[in-house]
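# Coordinate inspection notes
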Amino acid sequence: GDSVTQMEGPVTLSEEAFLTINCTYTATGYPSLFWYVQYPGEGLQLLLKATKADDKGSNKGFEATYRKETTSFHLEKGSVQVSDSAVYFCALTLNFGNEKLTFGTGTRLTIIP
Amino acid sequence: DVKVTQSSRYLVKRTGEKVFLECVQDMDHENMFWYRQDPGLGLRLIYFSYDVKMKEKGDIPEGYSVSREKKERFSLILESASTNQTSMYLCASLGAYTEAFFGQGTRLTVV
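Everything quoted here is computed from the prediction, not taken from an experiment. (Residues numbered from 1 in each chain as written. Chains lettered and ligands numbered in written order. Predicted model: local features only at pLDDT ≥ 70, side-chain atom pairs only at ≥ 80, totals over all residues. Heavy atoms only, no water.)

## Details of the interface of chain A and chain B
Contact residues are listed per partner, giving 19 residues for chain A and 21 residues for chain B. Taken together, the connections running from chain A to chain B amount to one salt bridge. B:E99 is the partner of A:K49 in a salt bridge, and the nearest nitrogen-oxygen pair spans 2.9 Å. The interface formed by chain A and chain B includes six residue pairs in polar contact (both at pLDDT 80 or more). Contributions of two or more residues to the side of chain A that touches chain B are made by β5 (32-38), β6 (44-50) and β10 (86-93) of chain A. Partitioned by chemical class, the residues of the side of chain A that touches chain B number seven nonpolar, eight polar and four charged. (Contact = heavy atoms within 4.5 Å. Salt bridge = Lys/Arg side-chain N within 4 Å of Asp/Glu carboxyl O. Polar contact = N/O pair within 3.5 Å; in protein donor to acceptor, adjacent residues only side chain to side chain. Helix = DSSP H or I, 4+ residues; strand = E, 2+ residues; numbered from the N terminus. Nonpolar A, V, L, I, M, F, W, Y, C, P; charged D, E, K, R; others polar.)

## A word on the pairing of strand β8 (residues 73-78) of chain B
Residue and element names in this part refer to chain B. Where burial is concerned, most of β8 is hidden: five out of the six residues are buried. Pairing of strand β3 (residues 19-25) with β8, which is carried by six bridges, proceeds in the antiparallel orientation. Across the sheet, the residue bridging to E22 is S75, located in β8. As judged from the five bridges shared by strand β7 (residues 64-70) and β8, these two strands associate in the antiparallel manner. Each residue of the ladder has a partner; that of K70, found in β8, is R73. Linking two consecutive strands that pair antiparallel, namely β7 and β8, is a turn of two residues. (Buried < 20%, exposed > 50% of the residue type's maximum accessible area, 1.4 Å probe, protein only. Pairing = 2+ DSSP bridges.)

## Details of the nonpolar core
Membership of the largest hydrophobic core comes to 27 residues, with the highest contact counts inside it found for A:W35, A:L47, A:L48, A:F73, A:L75 and A:Y88. Tallying contributions element by element places β10(A) first for this core, with four residues. Contacts of A:L75, omitting those with residues within four sequence positions, involve A:L19, A:T20, A:I21, A:W35, A:L47, A:L48, A:F62, A:E63, A:A64 and A:Y88. Grouped together as the second largest cluster of nonpolar side chains are 21 residues, B:V19, B:M27, B:Y47 and B:V66 included. (Core = buried A, V, L, I, M, F, W, Y, C linked by side-chain atoms within 4.5 Å.)

## Observations concerning the pairing of strand β7 (residues 56-59) of chain A
Residues and elements named next belong to chain A. When β7 meets strand β8 (residues 62-65), the two strands line up antiparallel, connected through four bridges. Opposite S58, over in β8, you have E63 as the bridge partner. In sequence, β7 turns back onto β8 through a hairpin of two residues, with K60 there showing a positive phi of about 55°.

## Considering the sheet that holds β8(B)
Residues and elements named next belong to chain B. Taken together, the four strands give an open sheet; going across it, the order is β1-β3-β8-β7, and neighbouring strands pair in antiparallel fashion. Since the sheet does not close on itself, it has two edges, and those belong to β1 (4-6) and β7, each with one partner. Each adjacent strand pair in this sheet contributes to an overall mean axis angle of 20°, direction not counted. (Axes fitted to C-alpha atoms, helices over the stretch in contact; angles between N-to-C directions.)

## A word on the sheet that holds strand β3 (residues 19-21) of chain A
Residues and elements named next belong to chain A. Pairing within the open sheet is antiparallel, and its four strands lie in the order β3-β9-β8-β7. Of all the strands in the sheet, just β3 and β7 have a single pairing partner and so form its edges. Averaged over all pairs of adjacent strands, the angle between strand axes in this sheet comes to 15°, irrespective of strand direction.

## Considering the pattern of salt bridges
Residue and element names in this part refer to chain B. A full pass over the atoms with the stated rule returns 10 salt bridges over all chains. Between E22 and R73 there is a salt bridge whose closest N-O contact spans 3.9 Å. Residue E22 is located in strand β3, and its partner R73 is located in strand β8; the two are separated by 51 residues in the primary sequence. Classification of R73 by relative accessible area gives partly exposed; the value is 38%.

## A few points about the packing of aromatic side chains
Throughout the structure, instances matching the rule amount to 12 aromatic pairs over all chains. In textbook terms, an aromatic cluster arises when at least three aromatic residues are bridged by ring pairs, as seen for A:F34, A:Y36, A:F89, A:F103, B:F33, B:Y35, B:F48 and B:F102. (Phe/Tyr/Trp six-rings, centres within 6.5 Å; stacked < 30°, edge-to-face > 60°.)

## Regarding the layout of surface pockets
Its volume calculated, the largest pocket comes out at about 580 Å³. For the largest pocket, the lining is made up of 26 residues, of which A:V87, A:R108, B:Q37, B:P39 and B:G40 are closest to its centre. Those elements that place two or more of their residues in the lining of the largest pocket are β10 and β12 (107-112) of chain A together with β4 (31-38) of chain B. Sort the elements by how many residues they give to the lining of the largest pocket and β12(A) lands first, with four residues. Here the residues of the lining of the largest pocket sort into 10 nonpolar, 11 polar and five charged. (1 Å grid on protein atoms, 1.4 Å probe; cavity = no way out; pocket = protein on both sides within 12 Å on 5 of 7 lines; lining within 4 Å. Points joined across faces, edges and corners; volume = space filled by probe spheres on them.)

Shown next as structure tokens:
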């Protein structure tokens, strides 16, 4: 079945450090890929997405590139801030209309000043 | 501004009570989902629905049921609440070729 494997957390970084959170997937067909972020006490919100191979999603300084050859969608940011502290989820859908949204287990990120 | 609204942010219920969690979306999405979120376990899918009156079991349906009488509303029902159902519950909706939108979550405590 379809699955998303995400880097285990928690991750703790100093402010202005470089961030990478790894995400790989297994899917039949050609999925759309997403990163969602959950700030403390809130629901999930979309951070960025990519719908086909080699697309790069970007938002708020975060980027992720859809790599079909390595079935990966790693999240990166060049210089993290304390306000980036949150839980990050990688996810996929298969664009068939009636479908599930498959999530990774989430990675808790803490940025220290 | 698109919205998924869950009826309560916080709920406290007694063991054995029947509990209703309501979710409403205004985006005319076909697909709606209920997840529970627990520390260290990520998001686990309870039930989902891809059309009115249609429902599919997710990964952990035991102890839960759902109702979707109208397209915009998806209800999660705990038939007889137990302490192991204390959790954060998240509702989401998904249209074709779009991203999912989430409600703010309901933190349920069963005592």
